[in-house]
Amino acid sequence: MAAWAVRGWGVWLGLGWVLGGLGACGLPAWEEAPQACEALLPGDVVITEYLNDPTGADTGREYVELHNPTRETVDLLGVTLFTARDEAAQERVYTFTTGLPVDAGTFVVLGDVREGALPGHVDGTYGDALGALGNSSGLLGLRCGTRVLDTVVLGAPAKSGAARTYDGRFVPDAEGNDDLSRWCDAPEATPGSANAPCPALTDGGVPSGDGGRVTTCLPPGAVSPREVQPPRPGELIITEVMANPRGDDTVGEWLEVRATAPVDLNGLTVGTDTSGTRLESARCLSLAAGESALLARKKEPEANGGLPEPLATFSVDLRNAGGVVAVRAGNVLIDSALYGPAQDGVATQVSAPLTADAKGNDAATSWCAATEAYGDKGNLGTPGRNNRTCTGADAGATQAGCIDRMTGQPRALRAPSVGSLVLTEFMADPGAVPDALGEWVEVLALREVDLNGVTLANEAGSSILESPLCLSMKAGGFAVLARGDDASLNGGLPAVLGTFGFGLGNGAGAHVLKLSAHGTVLDAVAFTNAASPGVSSQLDARVRDATGNDAAGVFCPTPAGVTYGVGDRGTPGRENRTCSR
């Protein structure tokens, strides 16, 4: 077993650092992973520092620092460290399969060391599991199963070799580190110990020159450049979004922004909540107060569906299922907008009349579907023209979604598509508790989705998974759907994401389990065997797709000795075992 050292941290008191202690202990067995991980709550482990752009080659030199802000030791056994370079579908993960205790108030540093001895500042390695961290964008996070413990948006350092650190003036916590203005290039890298305070900014929070990369631009007709005037929060507002144009999304997507003060867009990052494109130009991308600009995937009207000329282009895909569009200056969020599932060929726009109130686009009722045509492909929207006034009948109609469990804020649903969910295990005849309390079904997500509105059915009945909260699944994560969510009654199941009201057949005969959404089958499995009392039927661990689980012989009884809860055999919420074939 590996031994791990964790380092203490101190609160900046002006008089020095108050340091925590060191800690290490033995490692529980793999089968204890769910119990160890299940005890962790959001915020029990937080990300406080990372090096995503080392000097020279990134491989083997990147690191992530984690901190335990609680008053008790936590164990990372079963926790997953994940990163998404662009969209959640491109997520890469590393799961702790051996114990890693982190004492209260201490830090642990993980690196991508591929071979040889660990550097002195690195406590353990995740090898090549995460690939390379995004140098300028992306998402980094921790979760236990489907429960997110912490996430941070990766930022670009001003120069290679500078670590990004959470401001040492603040006690680290999972909500505070969501504020991008609290991160900075480390005055001095401190992996494994408390961070130093970030340097004070002299311009109200907007990094000077946008991180030292864009400082001047050339105005139209001028021969000498001038200083770039980046917007501050509230000085640039997103007013219209086209996420699902007719034809090819990669050439026809666009968004419109409106300035409430004279600003330059040079150096801004435009994109989603996890990725973005930096707007680069030697000329000034200027807007006067009250002036709007179009940002599009392509400039050429013959490619983009007949748009008026965009001021600049971006290369980030906007999710058709709904999501967030955002504009940032360095690490400062200038504006963001939440949009719901995108109708084919219909833009979503802020109701006219447009005002200088930057919070006007935050309310769902401020948005509605466009009704005016533009271009040559039959799309609806008003790029370069005035938006329409949303009426009471349709205001907010495109903003259907759910309340995010982590942020407490409404967001668009991440709708699953065919093949994105896989039925992987089911317990039709629990032995420890009655069937009506202890039956369950396990689902694997191949990309980040919400199960809101998904129907689980068999030959006897069906149930729609409904909740005002987002029934979220991460890519590579498992969800348990059960007859009941009370662990004291359902046989000791791990956290249940949703419940269903019909029974699973125990006897031999024609049986089917099916997941569907809005009439479209997402995945289905058929079987004829009778259920074994107290033993789940699980998909071979080597099969992880919605086509492979259709083959004969890929489901088998859970092996003896592999148990959960109060003693029934199964791996709900965990990786299955290999079937003998």
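Residues numbered from 1 in each chain as written. Predicted model: local features only at pLDDT ≥ 70, side-chain atom pairs only at ≥ 80, totals over all residues. Heavy atoms only, no water.

Along the protein chain, the regular secondary structure elements total five helices and 43 strands. Scored against the burial criterion, the 581 residues of the protein chain give a buried share of 51%. Counting contacts in the protein chain only where the partners sit at least 6 residues apart, residues at least 24 apart contribute 66% of the total. Approximately 23700 Å² of the protein chain is accessible, and the part contributed by carbon and sulfur atoms is 54%. (Helix = DSSP H or I, 4+ residues; strand = E, 2+ residues; numbered from the N terminus. Buried < 20%, exposed > 50% of the residue type's maximum accessible area, 1.4 Å probe, protein only. Contact = heavy atoms within 4.5 Å. Areas by Shrake-Rupley, 256 points an atom, 1.4 Å probe, with all protein chains shown as cover.)

So, on to the packing of aromatic side chains. Counting across every chain of the model gives nine aromatic pairs. Between Y94 and F96, the aromatic rings sit 5.4 Å apart at their centres with planes inclined by 80 degrees, giving edge-to-face as the arrangement. According to the relative accessible area criterion, F96 is buried, its value standing at 2%. Members of the aromatic cluster, joined through ring pairs, are Y50, Y166, F170 and W183. (Phe/Tyr/Trp six-rings, centres within 6.5 Å; stacked < 30°, edge-to-face > 60°.)

For the coordinates displayed, the defined rule picks out 16 salt bridges. Between R114 and D112 there is a salt bridge; the shortest N-O distance is 3.4 Å. A relative accessible area of 38% means that R114 is categorised as partly exposed. The closest approach of N and O atoms between E439 and R483, which form a salt bridge, is 2.7 Å. Taken together, the residues E439 in the loop between α5 (435–438) and β33 (440–445) and R483 in the loop between β38 (478–482) and β39 (498–499) connect sequence positions 44 residues apart. When its relative accessible area of 21% is taken as the criterion, R483 is described as partly exposed. What emerges from the salt-bridge pattern is a single network uniting E253, R297 and D317. (Salt bridge = Lys/Arg side-chain N within 4 Å of Asp/Glu carboxyl O.)

Overall, the coordinates contain five disulfides when judged by the stated rule. Put simply, C217 and C284 are joined by a disulfide, and their sulfur atoms are 2.0 Å apart. Residues C217 and C284 share a disulfide whose torsion about the S-S bond is about 90 degrees; that sign makes it right-handed. In this pair, C217 is assigned in strand β14 (residues 216–217) and C284 in the loop between β20 (276–278) and β21 (286–287), connecting sequence segments 67 residues apart. Residue C217 shares its accessibility class with C284, and that shared class is buried. (Disulfide = S-S within 2.5 Å.)

The four strands lie next to each other as β6-β5-β10-β11, forming an open sheet whose pairing is antiparallel. In the strand order of this sheet, the two ends are held by β6 (91–95) and β11 (147–153), each with one partner. Neighbouring strand axes in the sheet, compared pairwise and without regard to direction, differ in orientation by 20 degrees on average. (Pairing = 2+ DSSP bridges. Axes fitted to C-alpha atoms, helices over the stretch in contact; angles between N-to-C directions.)

Among the nonpolar cores identified, the biggest contains 31 residues, and L236, V257, L265, L287 and L295 are the most heavily contacted of them. For this core, the elements supplying multiple residues, two or more each, are β16 (236–242), β17 (254–259), β19 (268–271), β22 (292–296), β24 (323–329) and β25 (332–339). Tallying contributions element by element places β25 first for this core, with four residues. Ignoring sequence-local partners within four residues, the contact set of L287 consists of L236, V257, A259, A261, P262, V263, L265, S292, A293 and L311. If you look at the next biggest cluster of nonpolar residues, it comprises 27 residues, including V102, L110, L140 and V152. (Core = buried A, V, L, I, M, F, W, Y, C linked by side-chain atoms within 4.5 Å.)

So, on to the sheet that holds β24. In space, the four strands of this open sheet follow the order β20-β19-β24-β25, with antiparallel pairing throughout. Strand pairing shows two members of the sheet lacking a second neighbour, β20 and β25, which therefore form its edges. Direction aside, neighbouring strands of the sheet carry axes that sit 20 degrees apart on average. Pairing between β19 and β20: three bridges, direction antiparallel. Bridged to G271 within β20 is G276.

Scored by pLDDT, the protein chain comes out at a mean of 83, with 87% of its residues at no less than 70. Ranking the elements of the protein chain by mean pLDDT puts strand β1 (residues 7–8) last with 36 and strand β32 (residues 421–427) first with 97. Per-residue pLDDT stays below 50 along residues 1–34; that stretch engages in 92 contacts with residues further than four places along the chain or on separate chains. Ignoring residues within four places in sequence, the model shows residues 201–212, a span with pLDDT below 50, making 21 contacts including any to other chains. (pLDDT = per-residue confidence, 0-100.)

As for its position among the elements, T558 is in the segment after β43 (555–557). Look at T558 and you get buried, because its relative accessible area is 0%. Every residue in contact with T558, bar those within four places of it in the chain, is listed here: E425, V535, S536, Q538, R569 and G570.

Side-chain positions along a regular strand alternate between the two faces of the sheet. When you tally the buried positions in strand β5 (residues 80–84), you get five out of five residues, the bulk of the element. Pairing between β5 and β6: five bridges, direction antiparallel. Paired with T83 across the strands is R92, a residue of β6.

In this structure, L504 sits in the loop between β39 and β40 (511–517). Along the sequence, L504 and V441 sit 63 residues apart, while their C-alpha atoms lie 9.5 Å from each other. When neighbours within four sequence positions are excluded, L504 is seen to be in contact with M427, A428, E439, W440, V441, N458 and L513.

Attention now goes to the environment of R169. Positionally, R169 belongs in the loop between β12 (164–166) and β13 (183–185). In this structure R169 comes out as partly exposed when scored by relative accessible area, which is 49%. Separated by 29 residues in sequence, R169 and C198 place their C-alpha atoms 7.6 Å apart. Setting aside residues up to four positions removed in sequence, R169 forms contacts with P197 and C198. Within the local environment of R169, its side chain forms a polar contact with the side chain of D167, the two groups lying 2.5 Å apart. (Polar contact = N/O pair within 3.5 Å; in protein donor to acceptor, adjacent residues only side chain to side chain.)

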